[in-house]
Amino acid sequence: MDPRRQVPRTDVVLADPRLRDAAGRLGRPAVKAAVSAAQQLVREGSLSPESVADAAVSALPGTAGGLRPVLNATGVVLHTNLGRAPLSDAAREAIAAAAGNTDVEMDLVTGRRAKRGRTALAALRGSVPDAGDVHVVNNGAAALVLAATALAAGREIIVSRGEMVEIGDGFRLPDLLESTGARLREVGTTNRTSIQDYEKAINPASGFILKVHPSNFSITGFTSGATIKELSGLDIPLISDIGSGLLKPDPLLPGEPDAATTLRDGADLVIASGDKLLGGPQAGLILGDATLVERLRRHPLARALRVDKLTLAALQATIDGPPTPVRQALHLDAALLRDRTESVRACLAEKGVPVTLTESVAVVGGGGAPDVRLPSWSLSLPEAYAVSLRQGATPVVGRVERGRLLLDLRCVPATSDEDLIAAVLAVA
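Cut-offs used in this document
Residues numbered from 1 in each chain as written. Predicted model: local features only at pLDDT ≥ 70, side-chain atom pairs only at ≥ 80, totals over all residues. Heavy atoms only, no water. Helix = DSSP H or I, 4+ residues; strand = E, 2+ residues; numbered from the N terminus. Buried < 20%, exposed > 50% of the residue type's maximum accessible area, 1.4 Å probe, protein only. Contact = heavy atoms within 4.5 Å. Pairing = 2+ DSSP bridges. Axes fitted to C-alpha atoms, helices over the stretch in contact; angles between N-to-C directions. Left-handed = near helix turned anticlockwise from the far one by under 90°. Nonpolar A, V, L, I, M, F, W, Y, C, P; charged D, E, K, R; others polar. Arc of directions from axis to C-beta. Parallel < 35°, antiparallel > 145°, perpendicular 65-115°, else oblique. Core = buried A, V, L, I, M, F, W, Y, C linked by side-chain atoms within 4.5 Å.

Draft legend 1. A look at the side chain of Glu163. Here Glu163 shows up in the loop between β4 (156–160) and β5 (166–168). The class for Glu163 is buried, based on a relative accessible area of 7%. Excluding residues within four positions of it along the chain, Glu163 makes contact with Leu173, Tyr198, Leu210, Lys211 and Val212.

Draft legend 2. Region of the structure containing the sheet that holds strand β2 (residues 76–78). Pairing is mixed across the open sheet formed by five strands, whose spatial order is β2-β12-β13-β16-β15. Strand pairing shows two members of the sheet lacking a second neighbour, β2 and β15 (399–401), which therefore form its edges. Each strand axis lies, on average, 40° off the axis of its neighbour in the sheet, ignoring direction. Bridge count for β15 against strand β16 (residues 404–408) is three bridges, and the pairing is antiparallel. Note that in β16 the partner of Val400 across the bridge is Leu405. Against the sheet, helix α16 (residues 334–350) makes contact with β12 (356–365), β13 (368–382) and β16, and its axis sits at roughly 25° relative to β13, the strand it touches most.

Draft legend 3. A look at the sheet that holds strand β9 (residues 238–243). Spatial ordering of the open sheet is given by β3-β11-β10-β9-β8-β4-β7, a layout of seven strands whose pairing is mixed. Because the sheet does not close on itself, it has two edges, and the strands there are β3 (133–137) and β7 (183–187). When strand polarity is set aside, the average angle formed by the axes of neighbouring strands in this sheet is 25°. Strands in contact with helix α6 (residues 118–127) are β3 and β11 (284–288); relative to β3, the strand with the most contacts, it is inclined by about 125°.

Draft legend 4. Representation of the pairing of β4 in the model. Burial within β4 is extensive, with five of its five residues counted as buried. Alternating residues of β4 divide into Glu156, Ile158 and Ser160 and Ile157 and Val159, and every residue in both groups is buried. Where β4 and β7 come together, five bridges link them in parallel fashion. When the bridges of β7 are listed, Glu156 appears paired with Arg183. Here four bridges tie β4 to strand β8 (residues 206–212), and the two strands are oriented parallel to one another. Paired with Ile158 across the bridge in β8 is Ile209.

Draft legend 5. A look at the packing of helix α5 (residues 89–98) against helix α14 (residues 309–320). As a packed pair, α5 and α14 sit with axes 8 Å apart at the nearest point and diverge in direction by 145°. Note that α5 runs across α14; the crossing there is right-handed. Judged by residue contacts, Ala90, Ala91, Ala94, Ile95 and Ala98 of α5 engage Lys309, Leu310, Ala313, Ala314, Ala317 and Thr318 from α14. Here the contact of α5 with α14 is built from residues that sort into nine nonpolar, one polar and one charged.

Draft legend 6. Broad picture of helix α18 (residues 417–427). Of the positions making up α18, those classed as buried are Asp417, Leu420, Ile421, Ala423 and Val424. Buried residues along α18 cover an arc of 160° about the axis, so they all sit on one side. Residues of α18 that are exposed and point over 90 degrees away from its buried face: Glu418 and Ala426. For α18, the secondary structure elements touched by its buried residues are β1 (71–72), α16, β13, α17 (385–390), β14 (396–397) and β16.

Draft legend 7. Highlighting the packing of helix α2 (residues 17–26) against helix α3 (residues 28–43). Here α2 crosses α3 at 135°, and the two axes come no closer than 7 Å. Looking at the two axes, α2 sits oblique to α3. In this structure, α2 uses Leu19, Ala22, Ala23 and Leu26 to contact α3, whose residues at the interface are Arg28, Ala30, Val31 and Val35. Broken down by class, the residue content of the contact of α2 with α3 amounts to seven nonpolar, no polar and one charged.

Draft legend 8. Examining the nonpolar core more closely. Core analysis: the largest hydrophobic core is formed by 36 residues, its most contacted members being Leu285 and Leu287. In terms of residue count, α6 provides more of this core than any other element does, four residues in total. Formed by 28 residues, the second largest nonpolar core is a distinct cluster that contains Leu173, Ala182, Leu184 and Phe208.

Right, dumping it as structure tokens:
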């Protein structure tokens, strides 16, 4: 029989209660498009006619076809492929409140236009008093591009060869900076760069010195580098890209530079990410000398890189709110984690699941603190569970080591333990 004769009519499929409900939430065009795509699969012979409604439902945003909430049981606190920092409840509530009309650029007292995101910027400035002013763009790379364009287009950026990093997915610092029209003046060697190397490179064409924290790798052995304090003594602007977004020192992460200390040591500008150790939304943070920050803010490119009201709302709630999920996961007591993991293990074992408790090691991730290892505990399951858990109704992502699937609960909210148990039992 011609497959086209087997395709169910569109109006019949749209009468499915699930699709009627989805049309009210997502709009009829989006739902009809999902139905049409499922009907086409029937014509191609890759879907049965009776499965059209199910396939259309699965393809709608918010289900299998869109972004899906995932339980991060990898033991990687800032997992880039899972969206890095999970937002706090305060940040999520702030996003919901800001989803409608807001006073993002209006003074409600005077009724006149006001500085965009002024309350979020004030919160950021208040959290780092050493900053003369602050600005926010849409990610860390954008902050660096804005600085290079505004301060060094057609000029030179002096940077150590040991700091010419690749930031992920093939994006390399030299390519990023040269795309702005700046020229790179490389100094030193891969493992050693001295203050004298920078001094010799300074010339009338110099725009600024860039100090990049190599946050996603480490070099050990015969190494040395010029410090921020040393470089601040040179008669040229100094920009420090600290990467991971730590605003204040954290004893757990002694090797990670923070914005407050870097500014006190003499950096003119500090660039950092908002969705890493800060635990907030994706954003590029620029802090430092008020004159330079204003110069960046007024550059035409700043308009193209600005953040939306939802990011501003989430950023302010992250800074002013309670400890973020990222901070809680990093500082979680290993003994408490063991007790919790054992409780989940016992529940699964009682149902016949072949699971054991094992010591493991968690990491920071997200291109931060590559040398830090966090003592942790995991559920150990057969490797065959991995794929099915990722594809379940509540996706659970773990990591496979030595033929076993490890589920580290460090980054799984305790309130989601029942969901994780249900997901494992469904696979079992």
